[in-house]
Structure formats: C-alpha cells, structure tokens
Amino acid sequence: MKIIDLVTENCVKLLEGEFSLEVFKTTTYMKDVVKINPDYLNSFIVLRGYVPSVFAFSYEKKLFEFIFKKFINGIDIDDNELELYKEESAGEIMNMIVGNSLRDFKSVKSLIKLSPPVVHRGSRNLINKEDTEFYSSKIVTSRGKLNIYLLIRPMTGVSYEEIKNSGR
C-alpha cells in the first residue's frame, strides 16, 4: 500500500499548496468491492513494472471545476475548446501527482513506466475480476471529494487499450 499512500500524500500537498484547498479528511484502505462507480471526470494511468497496475482519479464535478479554474489561471479558452482543456488538465494533474510519487517509490525489482493518461467523463463501472486487488483513498476537501483507486492485477497485467476503451 506504500504507493497509494505516496500518491495520496502528494495529491493532498498539491490540493492544499497549489489550489489552496482545505483537506478535511483522507481515508486509505483496501476495498473488497465488486465494482467502482466512477464520478464526473476520471483519469487513468497504467503502471508497468514489477506489479502491473492502474491508478484512477475520480473527481466530483464541483471539485474539478474549482481545480480547473485555478489550473488554467486566467488563460483565455474558446468555448469550443473548453472540454478538451478540462480533459488535458485532468491528465496533466494526474501525471504530476503519480510521477512525483514514483520518484519517491523505490522498486527494487524493475523500473516503473507510465502510460499517457486517459481521461473519461462518467466512465462505465469498473468491475473487479478475481485476480485484481483494489486499494482506494478518498480525499474530502472544502470543494468536494476526489477518489483515488489503485487496481493491481499481478498475474495478467492491465492493458492500456482496456483503459483507453473503457469509457467508450
């Protein structure tokens, strides 16, 4: 669980430091769940290495809207490009958090590689297969919640295409 703890810690630092959000509570635990119901905006990154896995960030709408306004910091965006900028921002935020966390995570077995982030709005439910472990963190802020999921499939790995096509 060390990696999800690091990701959660780095996420809280970013939310508090860069976005001036008050974090009320974080909860991290292993979940024995059958499915995950994604929220408003969801970003995914596949980790390749010693333990193939997927991180998913699932934002409540009011939280993401607040973060997005801070993230673009006054950049003028055409209305027809707004949704693209939101998706790119969600991916970049996740990239920063997971990337910084991996810098602090030492894998003795192999190098950990990241896929490009994939972002979906209201993705389909994620179903737990028998060989998958789910860890999760819930971060409750003054503007809403963010759920972080770590899905580990130690025997078979996780396909980037599986994630990319999951919201279609």
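For the structure, check the block above.
None of these values were measured; they are calculated from a predicted model.

(A) Structural detail: the pattern of salt bridges. For the coordinates displayed, the defined rule picks out five salt bridges. A salt bridge links D39 to K145; its shortest N-O distance comes to 3.1 Å. Taken together, the positions of D39 in the loop between β2 (35-36) and β3 (41-48) and K145 in strand β9 (residues 144-152) put the pair 106 residues apart, joining distant regions of the chain. A relative accessible area of 23% means that D39 is categorised as partly exposed.

(B) Structural context of the side chain of K86. Note on placement: K86 falls in helix α3 (residues 82-104). Among the residues examined, K86 registers a relative accessible area of 6% and is labelled buried. The residues contacting K86, other than those within four sequence positions of it, are Y40, L41, F64, E65, F68 and R121.

(C) Region of the structure containing the nonpolar core. Core analysis: the biggest nonpolar cluster contains 37 residues, and F55, F57 and Y59 have the highest contact counts within it. Only α1 (2-17), β3, β4 (53-59), α2 (61-72), α3, β8 (133-141) and β9 provide two or more residues apiece to this core. In terms of residue count, the dominant contributor to this core is α1 (seven residues). In this structure F57 touches V7, L41, N42, S43, M94, I97, V98, L146, N147 and I148, once residues within four positions along its chain are discounted. Core analysis: the next-biggest nonpolar cluster, separate from the first, contains seven residues, F44, V54, A56 and F134 among them.

Cut-offs and rules
Residues numbered from 1 in each chain as written. Predicted model: local features only at pLDDT ≥ 70, side-chain atom pairs only at ≥ 80, totals over all residues. Heavy atoms only, no water. Salt bridge = Lys/Arg side-chain N within 4 Å of Asp/Glu carboxyl O. Helix = DSSP H or I, 4+ residues; strand = E, 2+ residues; numbered from the N terminus. Buried < 20%, exposed > 50% of the residue type's maximum accessible area, 1.4 Å probe, protein only. Contact = heavy atoms within 4.5 Å. Core = buried A, V, L, I, M, F, W, Y, C linked by side-chain atoms within 4.5 Å.

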